[in-house]
Amino acid sequence: FSWLALNTLLFWRTFSQYYSGPQYYYLHQMLGIISRKTRRLLHKYKSFHAACGITICVFSAVHVGAHIINAVHFSTNYHSEYIALNAARYKNEDPRKIIFTSVPGITGVLMVLILFLMSTASTASIRASNFDIFLHTHNLFFIFYLLLLVHASGGVLKYQTNLEEHPPGCLQLNRTMKYYAPLTELNGEAYLLNTEKVSASPSNAHGAFLINNSTLRICTKDPAFHPHFPETWLWISAPLCLYCAERLYRYFRSNKPVTITSVIHHPCNVIEIRMIKDHFKAKPGQCPTMTKATFAVHIKIVGDWTERLYNLLTPQCDLGMEIIPIFQHRKNPKIYIDGPFGSPSEEALNYEVSLCIAGGIGVTPYACILNQLLDQWREYKLQRLYFVWICRDIQAFLWFADLLCILHKKLWQENRPDYLNIQLYLSQSDGIQKIIGEKYQALNSRLIIGRPRWKLLFDEIAKSNRQKSVGVFCCGPKGLSKDLHKLCNRPNAYGTRFEYNKESFS
């Protein structure tokens, strides 16, 4: 809201300045007001990346349209007396020539091209099929900002600098009176209109304050114009410096490769990489950790990048086999880890009651929370955890089946059977199935064929936790996240408040 309020204030200030400022009188007559207002509004939206990516693309198209309108107006309204004000070199010059032979035009075309590449390469299909295309095109943003700095230095729009010697629309002694119409009343004041520059219509009369209080104003000099001092650097230099400083910090933080302790090939094309890194400390919810020194990532093989990583890390091996990546005749890839970064799942331990819902590989953020409950549960606020995991393949539950069984057994031994409520859903099945293995009997009894009945589940949790705040955490497909968000906002008869937290999932 602060950002929107600031942009609204800046736009209104610039709008008022262009609309009624006497220094823009001649520019107003040449270009009109619409294209200039649009151009100034969009200039401030280029520094806010995460929330305004689509907005930038949409309004940049409008921005380009405003430039085209300006070029057309410069061409058709060319006047020999105001050569310094006009970007055109002669009357009816091809607007395309004006655009492609000016600094703002050339840099604008290049920025539009970069924006097109960045936006199209950001689609989910390209990210999944060829991640390198997305990565390299997105790094073009730095060139985009450099072009933006040059783009604003072209000085296409100019303002009048000698208002005292030449009041806008004043009577020039070296011109005949045939160019001036009789006095016109506007808001109780008298004006003498220059008919060569403006018409006597009400839409143009507001800017033609030629004679005030019926006193004829005489020009002593011709109008002088000067381009605006570039202000773009004021808006992007500070964020750009902060970004460069942050990137430098991340470079030093992640410049040392990790030590790979093991790689495990899980069912359903998932690999688990266990690593050790000096001075690496992760909070519960950021990444799975087995010990204080070891952490792991689970990666599902879904595209070219993950496939190449899989081929580098895993030779021919069986499912579930733990691979110690120390081979005499094989060079291991160097892996650099940056992070850990904040995660919504960190808050799961700060509620008395939490509901963690995972779809497939979306279970990963909750693995570290389950690990944390094995030995340090007493220091957290959490008193009860509902854990719901939905998978299409029965074998997918083996990713964290051992962890769930160990935690379940520990809670029963400590006489806390209600602390963890596990519900496993197999969404696609031809019949009754179970997780293979005698040690997984505790999970088989909690395995349900089909999909969760969310409304009944939320009603049950609300009834069991009256007047409490329940933290709802979701990491899964967009459709699942959308349905859960709606249920959290739905009122219930027990005074239970569901607070929704969404984990990034793609």
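Residues numbered from 1 in each chain as written. Predicted model: local features only at pLDDT ≥ 70, side-chain atom pairs only at ≥ 80, totals over all residues. Heavy atoms only, no water.

### Some details on the overall build of the chain
Turning to step 1, where the next piece is worked out: Within the chain, the secondary structure is distributed over 17 helices and 14 strands.
Turning to step 2, where the next piece is worked out: Across the chain, the fraction of contacts at a sequence separation of at least 24, relative to all contacts at a separation of at least 6, is 68%.
Turning to step 3, where the next piece is worked out: Total accessible area on the chain stands at roughly 27800 Å², and carbon and sulfur atoms take up 59% of it. (Helix = DSSP H or I, 4+ residues; strand = E, 2+ residues; numbered from the N terminus. Contact = heavy atoms within 4.5 Å. Areas by Shrake-Rupley, 256 points an atom, 1.4 Å probe, with all protein chains shown as cover.)

### Quick word on unusual backbone geometry
Turning to step 1, where the next piece is worked out: Here the bond from G339 into P340 is cis, since omega is 5 degrees, no more than 30 degrees from zero.
Turning to step 2, where the next piece is worked out: Looking at the secondary structure, you find P340 in the loop between β8 (322–323) and β9 (353–359).
Turning to step 3, where the next piece is worked out: Its identity as a non-glycine residue notwithstanding, N92 has a phi of 60 degrees, on the positive side.
Turning to step 4, where the next piece is worked out: Even without glycine at this site, H279 takes up a positive phi of about 60 degrees.
Turning to step 5, where the next piece is worked out: Positionally, H279 belongs in the loop between β6 (270–276) and β7 (294–300).

### Focus on the UniProt feature "transmembrane region" (unreviewed entry) in the chain
Turning to step 1, where the next piece is worked out: Within this numbering scheme, the UniProt entry marks residues 47–69, 98–118 and 139–157 as carrying the feature "transmembrane region" (unreviewed entry).
Turning to step 2, where the next piece is worked out: Regarding residues 98–118, the helix share stands at 90% and the strand share at 0%, and the terminal C-alpha atoms are separated by 27 Å.
Turning to step 3, where the next piece is worked out: Within the segment residues 139–157, helix and strand shares are 58% and 0% respectively, and the terminal C-alpha atoms sit 31 Å apart. (UniProt positions renumbered as here; feature names shortened; annotations may be inferred.)

### Here we look at the packing of helix α6 (residues 103–121) against helix α9 (residues 141–151)
Turning to step 1, where the next piece is worked out: Across the interface, α6 lies against α9 with an axial gap of 9 Å and an inter-helix angle of 160 degrees. The angle between the axes of α6 and α9 places the two elements in the roughly antiparallel class. For the pair α6 and α9, the crossing hand works out as left-handed. Within the contact between the two elements, α6 uses V103, P104, T107, G108, L110, M111, I114 and M118 and α9 uses F141, I143, F144, L147, L148, V150 and H151.
Turning to step 2, where the next piece is worked out: Residue composition of the contact of α6 with α9, by class: 12 nonpolar, three polar and no charged. (Axes fitted to C-alpha atoms, helices over the stretch in contact; angles between N-to-C directions. Parallel < 35°, antiparallel > 145°, perpendicular 65-115°, else oblique. Left-handed = near helix turned anticlockwise from the far one by under 90°. Nonpolar A, V, L, I, M, F, W, Y, C, P; charged D, E, K, R; others polar.)

### Some remarks on the packing of aromatic side chains
Turning to step 1, where the next piece is worked out: Evaluated as defined, the whole model comprises 14 aromatic pairs.
Turning to step 2, where the next piece is worked out: Note on F141 and F142: the rings are 6.3 Å apart at their centroids and 90 degrees apart in plane angle, and the pair reads as edge-to-face. (Phe/Tyr/Trp six-rings, centres within 6.5 Å; stacked < 30°, edge-to-face > 60°.)

### A look at the sheet that holds strand β13 (residues 469–475)
Turning to step 1, where the next piece is worked out: The parallel open sheet is built from six strands, whose spatial order is β12-β11-β10-β9-β13-β14. Bordering the open sheet on either side are β12 (447–449) and β14 (497–502), each of which pairs with just one other strand. Going from strand to strand, the sheet's axes swing by 20 degrees on average, the running direction of each strand aside.
Turning to step 2, where the next piece is worked out: In the sheet, β9 pairs with β13 via six bridges, with the strands oriented parallel. (Pairing = 2+ DSSP bridges.)

### Some points on the nonpolar core
Turning to step 1, where the next piece is worked out: Counting 44 residues, the largest nonpolar core has F387, W389, F397, L424 and L443 as its most contacted members.
Turning to step 2, where the next piece is worked out: Sorting the residues of this core by element identifies β9, α13 (364–372), β10 (384–391), α14 (401–413), β11 (420–426) and β13 as the ones contributing at least two each.
Turning to step 3, where the next piece is worked out: Counting residues per element, this core draws most heavily on α14, which supplies six residues.
Turning to step 4, where the next piece is worked out: Setting aside its immediate chain neighbours within four residues, F387 contacts C356, V363, Y366, L370, L404, L420, N421, I422 and Q423. (Core = buried A, V, L, I, M, F, W, Y, C linked by side-chain atoms within 4.5 Å. Buried < 20%, exposed > 50% of the residue type's maximum accessible area, 1.4 Å probe, protein only.)

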